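Residue strings, one per chain:
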Amino acid sequence: MMNNSFICLSQVRDSTVVKDTSEFSFWGFVDIYYGYNFNIPPSRVVGELVTGNSFLYSHNRHNEFNLNNGIAGVDYLNDKVRGVLALQAGTYVQYNYANEPVMLRYIYEAYGGYQPIKNLWIDAGIFTSHIGSESAISSEDLTLSRSMMADNTPYYETGVRASYDINNKLKINGLILNGWQNITDHNKNKALGTQVQFKPIENLLLNYSTFYGKESGAYEQTIGVINTDSLSTRRFFNNLYCQANLAKFNLLCSFDIGFQKKRKVAGSYIWFNPTLILNYSITEKISAVARCEYYSDKNGVIIYTGTPNGFQTIAGSFGLNFKLAEYLLWRIEGKIFESKDKVFLTKDNQSDKSVLLLSSVAIKF
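Basis of the calculations
- Residues numbered from 1 in each chain as written.
- Predicted model: local features only at pLDDT ≥ 70, side-chain atom pairs only at ≥ 80, totals over all residues.
- Heavy atoms only, no water.
- Helix = DSSP H or I, 4+ residues; strand = E, 2+ residues; numbered from the N terminus.
- Buried < 20%, exposed > 50% of the residue type's maximum accessible area, 1.4 Å probe, protein only.
- Contact = heavy atoms within 4.5 Å.
- Pairing = 2+ DSSP bridges.
- Salt bridge = Lys/Arg side-chain N within 4 Å of Asp/Glu carboxyl O.

Caption draft 1: Structural detail: the environment of W121. Topologically, W121 is positioned in strand β5 (residues 120-128). For W121, a relative accessible area of 0% puts it in the buried group. For the pair W121 and N173, spaced 52 residues apart in the sequence, the C-alpha separation amounts to 9.6 Å.

Caption draft 2: Spotlight on the environment of S25. Mapped onto the secondary structure, S25 falls in strand β1 (residues 23-37). A residue is classified by how much of its surface remains accessible, and S25, at 28% relative accessible area, is partly exposed. Beyond its immediate chain neighbours, meaning those up to four positions away, S25 contacts G73, V74 and D75.

Caption draft 3: Structural view of the pairing of strand β11 (residues 249-261). Side chains N250, L252, S254, D256, G258 and Q260 project from β11 onto a buried face, and the interleaved F249, L251, C253, F255, I257, F259 and K261 project onto a face without burial. Here strand β10 (residues 233-246) runs beside β11; their pairing, made up of twelve bridges, is antiparallel. If you follow N238 over to β11, its bridge partner there is I257. In textbook terms, the turn of a hairpin is the stretch between consecutive antiparallel strands, and for β10 and β11 this stretch comprises two residues, one of which, A247, has a positive phi near 55°. The pairing of β11 with strand β12 (residues 268-281) spans 13 bridges and is classified as antiparallel. Bridging across to β12, C253 finds its partner in L276. Counting the residues that bridge the hairpin from β11 to β12 gives six residues, and of these K264 lies at a positive phi of roughly 70°.

Caption draft 4: Unusual backbone geometry, seen in detail. Despite not being glycine, N119 has its phi angle at roughly 75°, a positive value. With respect to the helices and strands, N119 occurs in the loop between β4 (107-117) and β5. Backbone geometry at A247 places phi at a positive 55°, although glycine is not the residue there. With respect to the secondary-structure elements, A247 resides in the loop between β10 and β11.

Caption draft 5: Highlighting the pattern of salt bridges. One pass over the structure, following the stated rule, counts 14 salt bridges. We note a salt bridge from R61 to E64, for which the minimum N-O separation is 2.9 Å. Each member of the pair, R61 as well as E64, carries the same accessibility label: buried. Residues D123 and R161 are paired through a salt bridge, measuring 3.1 Å at the closest nitrogen-oxygen approach. Taken together, the positions of D123 in strand β5 and R161 in strand β6 (residues 156-165) put the pair 38 residues apart, joining distant regions of the chain. In this structure, D123 and R161 share a single accessibility class: buried.

Structure below.
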């Protein structure tokens, strides 16, 4: 996805345009933020549940200034070969990469690619996820914070990816992966991914992405059990979204639905998540954005709470974005969650509501 004020750098890196000469490019990104959780939880983790785990991985520290993500990268591209190496640090890395080996957590992307024929790239390594419209780089997104869907689907993947531009309107991707947001593999099975992007007109993008693999659920991960073969069952996940630019409006509609096979008995658990985001450009340098989303995971496949109704939560947010300079963006956002059960920690107890305030200054160059 591309914010009105910022070029989406990942889209530039994935371009299949053939160049006559080899080219190196260096880039960076820094996102400094402050967050306040009005529940005043016992720890400084925003979005902490009664299980002691958080369902938020970006901008998730309470009452402190911190670095959400800082990235430094170099890209290489010529007519047949391309590559990316980007390193990262920040609280996003601390929480989202907690299950990875320490020395691998600081890799944002590291892959090499070869173009055997025109418009076809074969890449291998660590790269950003093919699922969802939101990026870990906040200035590429319509909203300051990530949606519940984005924070609970893969941000990164490891494996082999084939990307083919059929024409200037249709692009397809096929992937063989280590698993659901893994750098290192935790079982003997590989996962498969697909993506189809269709752009019928300049201002409209349609996307359908899938994931199929063998994974364990959130409960096992909550109690610290590795995603072993004996605990893993088949997962089939679908991500659909549509993004439209209409004059001063930027509209994003998405719907996700996943199926996880039950262990030892017939049937599957189901979780789903609709999201609607509307961004309005007040001036060339100021925009307002509103979001409404609902996440239903009654059986705790992705977000485990241990409560009778699981994680069934509606959320809304409103924010303002200010383009202070060509590459500098200041944002402020208020966000409220309301769940069916009392799943959010407070200073002394639990609550079915959580109210957050965030502010961020981000620069991408």
